[in-house]
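Next come the chains, spelled out residue by residue.
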Amino acid sequence: MIIVLTGIDGSGKSTAARALADHIAAGGGSALILNNHAGRRTMSVAAARLGISIPPRLADAVETTLRVGNVLISHFRASRFTGVVIMDRHLHCQLALRHTKGFRPGRFLPWLLRALPQPAAVVHFDVDPGAAHQRILARGTDQESLADLIAFREGYRNLAGFVSFVTVDANGTPADTARQLLEVTCSLATLPCGSMSNTGQS
């Protein structure tokens with residue numbers, strides 16, 4: 001079973017994914033977390049240090065190439081795994097980013113989304129951009145402007161398939177967000193659905 005997690009940076013996807021995987025393992029099950037990053041954070045940090053601006057079209061081309069490659073590898077690994085596969089980000093994320101930059105979705109990414117094995121659910125972590133921005137500043141590992149986060153949130157909401165996403169409220173504590181993700185997962189599969197522990201901020 002594949003579960004895809006989406007949401008703007010600072011929404012707590014990675015923390016909730018780790019908590020869910022730990023919970024499944026503690027109950028005797030198997031879970032695999034696969035990260036479908038696009039190198040955006042690395043590029044933005046590098047560009048800031050070098051004092052350069054990467055042209056939006058070039059950034060999108062690099063990000064799309066890396067994201068597609070990671071997604072294809074993840075689906076291959078998922079096909080060889082028995083258990084719950086948690087994909088942190090997917091092609092939806094790149095489509096949402098394209099919307100924030102005023103780019104068209106194109107034909108390839110929507111086609112690939114339809115062609116790949118469909119997840120049991122796409123779980124969207126909805127968080128107030130201001131709260132997400134504060135979390136990003138607190139962790140101090142990357143940079144995102146509040147304006148970019150607001151635009152990114154709208155980019156997700158304008159996706160053609162957004163109405164089919166399962167939305168969780170990611171404005172609370174990491175434990176509360178993780179609990180909601182567990183409830184969604186338990187509604188799709190037979191899992192031990194007790195309380196979670198050892199969640200942290202992300």
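Structural notes, computed from the coordinates. (Residues numbered from 1 in each chain as written. Predicted model: local features only at pLDDT ≥ 70, side-chain atom pairs only at ≥ 80, totals over all residues. Heavy atoms only, no water.)

Digging into the environment of Leu181
The condition that has to hold: Helix and strand definitions follow DSSP, with helices as H or I runs of at least four residues and strands as E runs of at least two, each counted in order from the N terminus. Should any heavy atoms of two residues lie within 4.5 Å, those residues are considered in contact.
Mapped onto the secondary structure, Leu181 falls in helix H8 (residues 174–186). Leu181 sits 15 residues away from Val166 along the chain, and the two C-alpha atoms are 9.6 Å apart. Sequence-distant contacts of Leu181, that is, excluding residues within four places in its chain, are made with Leu5, Ala16, Ala17, Leu20, Val123 and Phe125.

Regarding the pattern of salt bridges
What counts here: Put simply, a salt bridge is a Lys or Arg side-chain nitrogen that is within 4 Å of an Asp or Glu carboxyl oxygen. The buried label goes to any residue with under 20% of its type's maximum accessible area, the exposed label to any with over 50%, and the partly exposed label to all in between, with areas taken from a 1.4 Å probe on protein chains only.
Counted under the stated rule, the structure contains 8 salt bridges. Its salt-bridge partner being Asp9, residue Arg89 comes within 4.0 Å of it at the nearest N-O pair. You can see Arg89 sitting in the loop between strand E3 (84–88) and helix H4 (91–100) and its partner Asp9 sitting in the loop between strand E1 (2–6) and helix H1 (13–26), a full 80 residues away along the chain. Just as Arg89 is buried, Asp9 falls in that class too. A salt bridge links Arg179 to Asp176; the nearest nitrogen and oxygen atoms lie 2.5 Å apart.

So, the sheet that holds strand E5 (residues 166–169)
Heads up, the rule is: Two strands make a pair as long as DSSP finds a minimum of two bridges between them. For helices, the axis comes from a line fit to the C-alpha atoms of the stretch in contact; other axes are also lines fit to C-alpha atoms, and the angle between any two N-to-C directions lies between 0 and 180 degrees.
Taken together, the 5 strands give an open sheet; going across it, the order is E2-E3-E1-E4-E5, and neighbouring strands pair in parallel fashion. The open sheet has two edge strands with one neighbour each: strand E2 (31–35) and E5. Between one strand and the next, the sheet's axes are offset by a mean angle of 25°, whatever the strand orientation. By the bridge criterion, 4 bridges tie E1 to E3 in an arrangement that is parallel. For Leu5, the partnering residue across the bridge sits in E3 and is Asp88. In this fold H1 packs onto E1, E2, E3 and strand E4 (121–126), with an angle of close to 170° to the strand it touches most, E3. Contacting E1, E2 and E3, helix H3 (residues 56–79) runs over the sheet at an angle of about 165° to E2.

Structural notes on the side chain of Thr6
Convention followed: Throughout this description, a polar contact denotes any pair of N or O atoms lying within 3.5 Å of each other; where both atoms belong to protein, one of them has to be capable of donating a hydrogen while the other can accept it, and for residues adjacent in sequence the pair is counted only when both atoms sit in side chains.
Topologically, Thr6 is positioned in strand E1. Of the polar contacts made by the side chain of Thr6, one reaches the side chain of His124; its length is 2.8 Å. Among residues more than four places away in sequence, those in contact with Thr6 are Lys13, His92, Cys93, Val122, Val123, His124, Phe125, Tyr156 and Phe165.

Describing helix H7 (residues 146–157)
For the α-helix, the turn length of 3.6 residues means that residues three or four positions removed from each other point alike. For the record, the criterion: Working rule for helices: expected span equals 1.5 Å times residues minus one. As used here, the arc belongs to the directions running from the helix axis to the C-beta atoms.
Taking 1.5 Å as the rise per residue, H7 with 12 residues should run 16 Å; its terminal C-alpha atoms sit 17 Å apart, in good agreement. Of the residues making up H7, those classed as buried are Leu149, Phe152, Arg153, Gly155 and Tyr156. Projected onto a plane normal to the axis of H7, the buried residues spread over an arc of 155° and lie on a single side.

What to know about H1
In a regular helix each residue adds 1.5 Å, so 14 residues correspond to 20 Å; H1 covers 20 Å between its end C-alpha atoms and thus fits that length. Among the residues making up H1, those that are buried are Lys13, Thr15, Ala16, Ala17, Ala19, Leu20, Ala21, His23 and Ile24. Contact partners of the buried residues in H1: E1, E2, E3, E4 and H8. Backbone geometry just downstream of H1 places Gly28 in the positive-phi region, at approximately 90°.

Nothing here speaks to function; it is geometry throughout.
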